[in-house]
Amino acid sequence: MALRPDVQRPFFRFQLSRFFSREPEAPTSPPANAPKGIYLYGDVGTGKTMLMDLFYQTLPPSIKRKRRVHFHAFMVDVHKRLHAAKIAMGYQGGDPIVPVARDLAREAYVLCFDEFQVTDIADAMILRRLLESLLNYGVVCVMTSKFVMSFA
């Protein structure tokens, strides 16, 4: 028994477009000379944000692509970009995180996140792949948080 042609087409188009997709994948590893980044944590009022501001303001003038943002504002931006990427992909499906990471990497070589805090499991799943892709594109991430993170 065959499916109706209008049911088969979106699936077929999706599979065919994924096979012939020209979307560049994220590099598999960061450039050899790229710094890893910084994670500052400590109690409230210990100067983490002040250090972040000093770091950001004293970056060499040659670094024009830089962004300092509160982490929650960054996540709102990421969710909007992911939504727009999903709409742009349409029936093709695919992974919207790679193009979003690529666009963020084009906009900023240094990303400074103030008050980094992940409490939502969906955000954690997005961030794992997004930050991994950003690091592979050579983006340096500097973060402050009042919580100790364990990297397993």
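The structure this text deals with has already been given above.
Residues numbered from 1 in each chain as written. Predicted model: local features only at pLDDT ≥ 70, side-chain atom pairs only at ≥ 80, totals over all residues. Heavy atoms only, no water.

Visitor: Please clarify how the overall build of the protein chain should be interpreted in this entry.
Guide: For the protein chain, the count of helices and strands is five helices and four strands. Listing each helix as α and each strand as β along the protein chain from the N terminus yields α-β-α-β-α-α-β-α-β. In the protein chain, buried positions account for 34% of the 152 residues. Long-range contacts, defined here as pairs at least 24 residues apart, represent 81% of the contacts in the protein chain between residues at least 6 apart. With an accessible surface of roughly 10300 Å², the protein chain has 61% of that area assigned to carbon and sulfur atoms. (Helix = DSSP H or I, 4+ residues; strand = E, 2+ residues; numbered from the N terminus. Buried < 20%, exposed > 50% of the residue type's maximum accessible area, 1.4 Å probe, protein only. Contact = heavy atoms within 4.5 Å. Areas by Shrake-Rupley, 256 points an atom, 1.4 Å probe, with all protein chains shown as cover.)

Visitor: Is there a simple way to think about the sheet that holds strand β2 (residues 66-70) in this case?
Guide: With parallel pairing, the four strands of this open sheet are ordered in space as β1-β4-β3-β2. If you trace the sheet from one side to the other, it starts and ends with β1 (37-41) and β2, each paired once. Averaged over all pairs of adjacent strands, the angle between their axes in this sheet comes to 10°, without regard to strand direction. Pairing geometry for β1 and strand β4 (residues 140-145), over five bridges, is parallel. Looking at the pairing, leucine 40 lines up with threonine 144 of β4. (Pairing = 2+ DSSP bridges. Axes fitted to C-alpha atoms, helices over the stretch in contact; angles between N-to-C directions.)

Visitor: Help me out: how do you make sense of a nonpolar patch on the surface in this one?
Guide: There is a patch of nonpolar side chains on the surface, built from Met50, Leu51 and Leu54 and spanning about 290 Å² of accessible area. By the element assignment, methionine 50 lies in helix α2 (residues 48-57). (Patch = residues over 30% accessible without salt bridge, like charges linked within 9 Å, V, L, I, M, F, W, Y side chains within 5 Å. Salt bridge = Lys/Arg side-chain N within 4 Å of Asp/Glu carboxyl O.)

Visitor: What exactly am I supposed to notice about the environment of tyrosine 39 here?
Guide: Within the secondary structure, tyrosine 39 sits in strand β1. Placed 102 residues apart in sequence, tyrosine 39 and cysteine 141 show a C-alpha to C-alpha distance of 8.2 Å. A distance of 3.4 Å separates polar atoms of two side chains, one belonging to tyrosine 39 and the other to serine 145. (Polar contact = N/O pair within 3.5 Å; in protein donor to acceptor, adjacent residues only side chain to side chain.)

Visitor: Can you walk me through the nonpolar core in this structure?
Guide: Buried together is how nonpolar side chains tend to be arranged in soluble globular proteins. Phe74, Phe113, Phe116, Leu130, Leu131 and Leu134 are the most contacted members of the largest nonpolar core, which has 25 residues in total. Only α3 (71-89), α4 (97-107), β3 (110-114), α5 (121-136) and β4 provide two or more residues apiece to this core. The greatest single-element share of this core, amounting to six residues, is contributed by α3. Residues within four places of leucine 134 in sequence aside, it is in contact with Ala101, Leu104, Ala105, Leu111 and Val139. (Core = buried A, V, L, I, M, F, W, Y, C linked by side-chain atoms within 4.5 Å.)

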